[in-house]
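Residues per chain, in single letters:
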Amino acid sequence: MKRRHFLRDLGISTVALPFLSSLPSFAETATVGTRRQRLLVVFSPNGTIPDLFWPSNDEAGKLQLSPILKPLEAFREQTLVLRGISNQVRGDGDSHMRGMSCLLTGAPLLTGNIRGGGGNPAGWASSISIDQEIKDFLQSQKDTRTRFGSLEVGVAVPDRADPWTRMCYAGSNQPVAPLNDPEEMLSKLYGSSKDTKTYASLLDDLGEDFKKVAKGLSSEDRALLDRHLTLVRQMEQEMKAAAQSGDLVHPEPEIDPHIELVNDNTPQIARMQMDLLINAMANDMARVGTLQFMRSVGQARMNWLGIEDGHHSLSHEPDGNNDAREKLVKINTWFAEQVAYLAGKLRETPEPDGSGNMLDNTTIMWVNELGKGNNHTLDDIPFVLIGGGAGFQGNRMVQMDGKTPHNRLLLSLAHSFGHRLENFGDRKLSSGGPLLLS
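In this text, all values refer to a predicted model and were calculated from it rather than measured experimentally. (Residues numbered from 1 in each chain as written. Predicted model: local features only at pLDDT ≥ 70, side-chain atom pairs only at ≥ 80, totals over all residues. Heavy atoms only, no water.)

## Thoughts on empty space enclosed by the protein
For the structure on display, the rule yields two cavities of 30 Å³ or more. A volume near 50 Å³ is recorded for the largest cavity. Within the residue set of the lining of the largest cavity, elements represented by two or more residues are β4 (79–86) and β12 (383–386). Partitioned by chemical class, the residues of the lining of the largest cavity number five nonpolar, seven polar and no charged. Class assignment of the residues belonging to the lining of the second largest cavity gives a composition of four nonpolar, four polar and no charged. (1 Å grid on protein atoms, 1.4 Å probe; cavity = no way out; pocket = protein on both sides within 12 Å on 5 of 7 lines; lining within 4 Å. Points joined across faces, edges and corners; volume = space filled by probe spheres on them. Helix = DSSP H or I, 4+ residues; strand = E, 2+ residues; numbered from the N terminus. Nonpolar A, V, L, I, M, F, W, Y, C, P; charged D, E, K, R; others polar.)

Rendered as structure tokens:
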């Protein structure tokens, strides 16, 4: 009898079924001893401050982190920084549009009627993004198939759709929108359709179902179940409070659609989204995830950092504006702190089969659509990789020769999953094959 049918015959509700079916003790797709390799792409916008971002190597070739990257110190042994990677995709659209929508696709934008700050009008990307390519590859095989395949999560992404707001593509002209609301994420992952204002309790619905199967779970799955229940309880409490106070509602400003105001509770919303994403991956609901902070050309006002200026406007200030420079360092350091939080959550979560922790089998790739904001360069784009999922050698910065197309890095990611593509995105920019990073 199939395990999923066995759970149904126990009288397990449809709300509890998806989570329980993902546990190795019951999952049809789980294979004992199969490594759960994962990819998690994190995006932050508007370039960086190069001289305070790029790290160095000491005389022994070990990574010496820069001021902006200092929050990653605890993960230095598993951190690889690539310098000299460029987005060489050309064609229609301005640098922000191509920087964002060509970032994970490596392919030109389609002809369209969306006009940016320069260049010809453009449309969506013309090819699949690497996260979706890897997701499709994993979903095509029984041993690596998961409930969702991939999860696209947003933090303060405005309610609009254009090449500045989308980095994930299921194919040509097929943008994939991130889920921007923790309540929607919770509902998607755990099957609750209740309104937060009328939450009785998810645990009241699920508790009896979990008790029915707890005795049949392995010790590792019982630990996962305990963490799951704790997270759901915390999320419920936080969203109940949000529903009562209204403080966590991300406003949709009735102003110029090119400007979004970021709610002062963005850090709390980000933490909730990250917790949900890591919990879902821990439960093997997906092995590919993306976390998008804001958008390209985003005007986030990060009041929690004491910064009232719009992020994009600050990024356009000349290098000599020390006040803007200090604020941009704070902003980029805050993004590094969010990446460090993700890495920490992964490292503290053991794999169900006892093969280390989740960070050992996950690659976090932190990306940006530009190298430097005030000159819109698509050269020297920051790529920071953390974790052991891809098998890349960490504790170093690698200086590439010349302007290395980022298509080759995307190829390297695919190959690390056993997906032996000959090219990805623009065929010409894949010349040379995957980068050798092991």
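## Digging into the pattern of salt bridges
Applying the stated criterion across every chain, the model contains 15 salt bridges. The partner of K403 in a salt bridge is D379, and the shortest N-O contact between them spans 3.1 Å. In this pair, K403 is assigned in strand β13 (residues 396–405) and D379 in the loop between β11 (362–367) and β12, connecting sequence segments 24 residues apart. Assessed through its relative accessible area of 53%, K403 is described here as exposed. By relative accessible area, which is 21% here, D379 ends up partly exposed. Through salt bridges that share partners, R36, D284 and R287 make up one connected network. (Salt bridge = Lys/Arg side-chain N within 4 Å of Asp/Glu carboxyl O. Buried < 20%, exposed > 50% of the residue type's maximum accessible area, 1.4 Å probe, protein only.)

## Considering the nonpolar core
Core analysis: the largest hydrophobic core is formed by 57 residues, its most contacted members being L291, F293, I364, W366 and I386. Where this core is concerned, the elements lending two or more residues are β1 (38–43), β7 (149–155), α6 (182–190), α9 (266–282), β10 (286–293), α11 (322–347), β11 and β12. Per element, the largest residue contribution to this core is 13 residues, and it comes from α11. Those residues within four positions of W366 in sequence are excluded, and the remaining contacts are V42, S44, F53, L69, N332, F335, A336, V339, P382, F383 and V384. In this structure, L39, L409, A414 and F424 belong to the second largest nonpolar core, which totals 37 residues. (Core = buried A, V, L, I, M, F, W, Y, C linked by side-chain atoms within 4.5 Å. Contact = heavy atoms within 4.5 Å.)

## Section: unusual backbone geometry
Positioned with a positive phi, N46 is a non-glycine residue whose angle comes to about 70 degrees. Mapped onto the fold, N46 is located in the loop between β1 and α3 (50–53). Judged by its relative accessible area of 2%, N46 falls in the buried class. Even without glycine at this site, D380 takes up a positive phi of about 50 degrees. Mapped onto the elements of the fold, D380 is located in the loop between β11 and β12. We classify D380 as partly exposed; its relative accessible area is 27%.

## A word on the side chain of T290
For T290, the location among the structural elements is in strand β10. With sequence-adjacent residues up to four places away left out, T290 is seen in contact with L40, V41, D131, L151, E152, V153, M167, C168 and L277.

## Remarks on the sheet that holds β10
Strand order in this open sheet of seven strands is β7-β10-β1-β11-β12-β4-β13, and the pairing throughout is mixed. Unpaired on one side and paired on the other, β7 and β13 mark the two borders of the sheet. For this sheet, the mean angle separating the axes of adjacent strands, direction not counted, is 15 degrees. Summarising the sheet, β11 and β12 pair through four bridges and their orientation is antiparallel. Pairing of I364 across the sheet is with I386, part of β12. The strands touched by helix α12 (residues 406–416) are β1, β4, β11, β12 and β13; relative to β13, the strand with the most contacts, the crossing angle is about 125 degrees. (Pairing = 2+ DSSP bridges. Axes fitted to C-alpha atoms, helices over the stretch in contact; angles between N-to-C directions.)

Shape is all these values report; function is a separate question.
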